[in-house]
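# Residue-level structure breakdown
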Amino acid sequence: MTQALIDPLQQTLMNLFSDTPLATLEQHVDRALEVITRQLACDGVFVLAPLTKPGHISARNLYLKPQFNNGQGVREWRLGQTPFFRDLVKHPRLLSLSSVAQLPKDALEEKQLLRQWQVKSLLVLPLLKLGDTVMALGAVNCHCECDWADSFIEQLQQAQAMIASAMELTRIAQALLLSERRYHELFHQLQLACAQLNRRNELIMMNRIAEQTLVHNQQVNLLEVVREQDRDNLLETLNMVRDGVLGQAWCEVGIMHNNDMSWQRLGLYPAQSEQQNLILIAEDVSERRRLASELSFQANYDALTGLPNRAHFEDLLQRLLLEQDGSPVCLALLDLDQFRVVNNLSGHMAGDRLICQIAERLKLLVRKGDVVARLSGDEFAILMHACNRDSAKVIAERICSQVRGHQFRWQGREHKISASMGVAPLERANEDIYTVLAQADAACRLAKELGRNQYQIFDERDMRFKKFYTEMTASLEIIDALACNRFQLHFQEIRAVKPISSGMHLEILLRMQRENGEILSPAVFFPAAERYDLASRVDRWVIDNLLRWGNANFQLWQQCEQISVNLSAASLADGEFMQWLEKQLLAEAQLVSHLCFEITETAMLTQVEQACQLLELLEAHGCKLAIDDFGAGFSSFAYLKKLALDYVKIDGQFVVNLCEDPADRAIVAAVCQLAKDLQFRTVAEFVESEQILARLTELGVDYAQGYCIHKPMPLERLASLLNPT
């Protein structure tokens, strides 16, 4: 539209609004009403609008010529609050009245208000909606009644459009200012560092946290404050987000700030406002990194000495085994001699101090590059690189000599310190690390058996090493058998020499199946279980699986008068095991009255108190107690009166030669007489012939057990013995 086509009123309003900042535009709406009044030759102009909403303009909405407002200038007008005009807002229409008398009869309030202001003619345009702005413009004549010409209405409509535009622009400007203010408040209150990266990777628009944790000033290149070793990774990540390969990405980097380094997890997102710019959100993960580092240390290093622990040492050994390097490597295990004496006499604080001193000394005695680790308690391991047998001898001799010369004094008491060492070369042909560990442990055990305070180097040709090594490999097989359920329950009948009961007596025997299917007896694997603290776990397996079998075969269980189970000395001394056993007996009350637990004479002699506690436990649940291998030491008579035993099993060494050896007959006869006097029953083991059985009958033995009576068989076959077809 050219300047010539714009009428004077429009031109005046355009000039008025175009020179006004948007933020203050509403202040000029009242001025516009005055301009319209003067140029359209009416006595006043007003704005009629719905009730004001938050964010909407609230301008003064009435202008009357001075002669009609008693010199009071612009005023608020209540017209829009009256019923008729509220309805007019709700149902927009043109209202053109040459006389206010034309208002409806019920518009009494409206007529009274208009007459107060001397209004004689009234014009209200239809409501105009522009964006969120809704308003109507009206005009009044006060000096006389008049008809409103179409040209007047048209010019007023144009003015209405311009005022509505001004009001909407004002509303938008205020909303933008409010939104920006809220954005800045939120941006700076965020507890995460937020910033924008420009295409040159410079930090711009940083919030308060970003200035505190990243950089102080704007326009600093992010790569300049990032750790040098992290820059390539960060730059690659930035490029992938800018190129659209990733919609968002994260990268953990070290950032130098105030001469301190912090770890930041950077989240990177494309900026919508400007191409190639990125939004950066940084989370400080320094504490998490520190905790992770501590957890890693705790997982891999001994808390007391700071040396690598067993897990870390075995991992190093495993990696070494996989290397193709042909240089010789030796492994040494070192065990302090009589360390328990230090703990018992001077306390565990003294023991810990000694362990730390030995750890420090070992680190000084090995060569550069060798690894010293603490495996457990007083057991250390040394990994010796580029070391053959001859070099290992020199190192082992030096270590044993230096440890022997170590002076340890605690609170005025001096302890003599020495160590036993076992050394084994690492054979890379081995399938796993446990072979060399077992070999070194076997050498260490031999050093202890030969008098301690020395070292031994493993030699597979030496039978002494083979014995210990076999036990250790058996311990690994036991652990595997427990995990894979490769143990088997067998049984052997214990038969009454003279028919004294109707039910069967039997002893539960254990067998272990190797991976190749070979079946091993306890004589082969149980010494290893006792040596490596596995006996209690094996006993648990036996009792647990026996009771399960009893529940599944309850009728067969009921046909057995007594079922004997062996308990190891380790289980007898294990308080946790005894608690577990009591719970099992309580849970299987319908089965336990048929159980008899056997403990060896040696276990009874060394743990009399525990044996008494076991007897009390068994009596409370109706179980029996028997002493196995009785007479092996023949020193247990003094303890028999302390224990109300149910059975005594005579050791097989007095039975196998019973027919030929008068001494054996005398011992068995003495035990039988003792049984009558103390009211327990006797069981003879290793009954291998009818002649032995007949002689036992003469001597008064109650029960016999051996191959002459019954050969062991799997427990699943018990039904065939009890119910022969």
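Scroll up a little and you will see the structure.
Residues numbered from 1 in each chain as written. Predicted model: local features only at pLDDT ≥ 70, side-chain atom pairs only at ≥ 80, totals over all residues. Heavy atoms only, no water.

A few words now on the overall build of the protein. Within the protein one finds 26 helices and 29 strands. Here the C-alpha atoms of the protein give a radius of gyration of 51 Å, more than 25% beyond the 27 Å that 2.2 N^0.38 yields for 725 residues. In terms of overall dimensions, the protein has C-alpha extents of about 155 × 70 × 55 Å along its principal axes. A fraction of 61% describes how many contacts in the protein between residues 6 or more apart in sequence connect residues 24 or more apart. (Helix = DSSP H or I, 4+ residues; strand = E, 2+ residues; numbered from the N terminus. Rg over C-alpha atoms; globule rule 2.2 N^0.38 Å. Contact = heavy atoms within 4.5 Å.)

Our focus in this paragraph is a nonpolar patch on the surface. Side chains of L169, I172 and L176 sit close together on the surface and give an oily, nonpolar patch of about 270 Å² of accessible area. If you trace the backbone, L169 turns up in helix α5 (residues 150-189). Judged by relative accessible area, which is 42%, L169 ranks as partly exposed. (Patch = residues over 30% accessible without salt bridge, like charges linked within 9 Å, V, L, I, M, F, W, Y side chains within 5 Å. Areas by Shrake-Rupley, 256 points an atom, 1.4 Å probe, with all protein chains shown as cover. Salt bridge = Lys/Arg side-chain N within 4 Å of Asp/Glu carboxyl O. Buried < 20%, exposed > 50% of the residue type's maximum accessible area, 1.4 Å probe, protein only.)

Take the pairing of strand β20 (residues 487-496) next. Taken across its 10 residues, β20 has seven buried, putting it largely inside the fold. Here eight bridges tie β20 to strand β21 (residues 504-513), and the two strands are oriented antiparallel to one another. Residue H490 lies in a different strand from β21, and its bridge partner there is L509. Alignment of β20 against strand β29 (residues 713-714), held across two bridges, turns out to be antiparallel. Residue pairing in the sheet places H490 in a bridge with P714 of β29. Sheet topology note: the β20/strand β28 (residues 703-704) ladder contains two bridges and is antiparallel. Within the sheet, the bridge partner assigned to R495 lies in β28 and is A704. (Pairing = 2+ DSSP bridges.)

With that settled, the discussion passes to the environment of Y532. As for its placement among the helices and strands, Y532 is situated in the loop between α16 (522-531) and α17 (535-552). It is 17 Å that separates the C-alpha atoms of Y532 and A603, two residues lying 71 residues apart in sequence.

All chains considered together, the criterion is met by six aromatic pairs. Between F487 and W541, the ring centres sit 5.6 Å apart and the planes meet at 55°, which makes this aromatic pair tilted. In this pair, F487 sits in strand β20 while W541 sits in helix α17, placing the two residues 54 residues apart along the sequence. You'll find F487 and W541 in the same group, each marked buried. With centroids separated by 5.6 Å and ring planes inclined at 40°, the aromatic side chains of F577 and W580 adopt a geometry described as tilted. Note that F577 and W580 are positioned in helix α20 (residues 575-587) at a spacing of three residues, about one turn of the helix. Judged by its relative accessible area of 0%, F577 is buried. In this structure W580 comes out as buried when scored by relative accessible area, which is 17%. Here the aromatic cluster, defined as three or more aromatic residues joined through ring pairs, consists of F487, F525 and W541. (Phe/Tyr/Trp six-rings, centres within 6.5 Å; stacked < 30°, edge-to-face > 60°.)

A few words now on the pattern of salt bridges. Under the counting rule described, the total for this entry stands at 24 salt bridges. Two residues, E477 and R514, come together in a salt bridge whose shortest N-O distance is 3.0 Å. Separated by 37 residues along the polypeptide, E477 in helix α15 (residues 463-484) and R514 in the loop between β21 and β22 (519-520) bring together distant segments of the chain. Where salt bridges share partners, they join E507, E598, K649 and E685 into one cluster.

We now examine the sheet that holds strand β8 (residues 202-204). Reading across from one edge, β9-β8-β7-β12-β11-β10 is the order of the six strands in this open sheet, with antiparallel pairing throughout. Two strands lie at the open edges of the sheet, namely β9 (220-221) and β10 (249-257), each paired on one side alone. In terms of strand pairing, β8 meets β9 through two bridges, oriented antiparallel. What sits directly across from L203, in β9, is V220. Seen against the sheet, helix α8 (residues 228-242) touches β7 (193-197), β10, β11 (260-270) and β12 (278-284) and runs at an angle of roughly 140° to β10. (Axes fitted to C-alpha atoms, helices over the stretch in contact; angles between N-to-C directions.)

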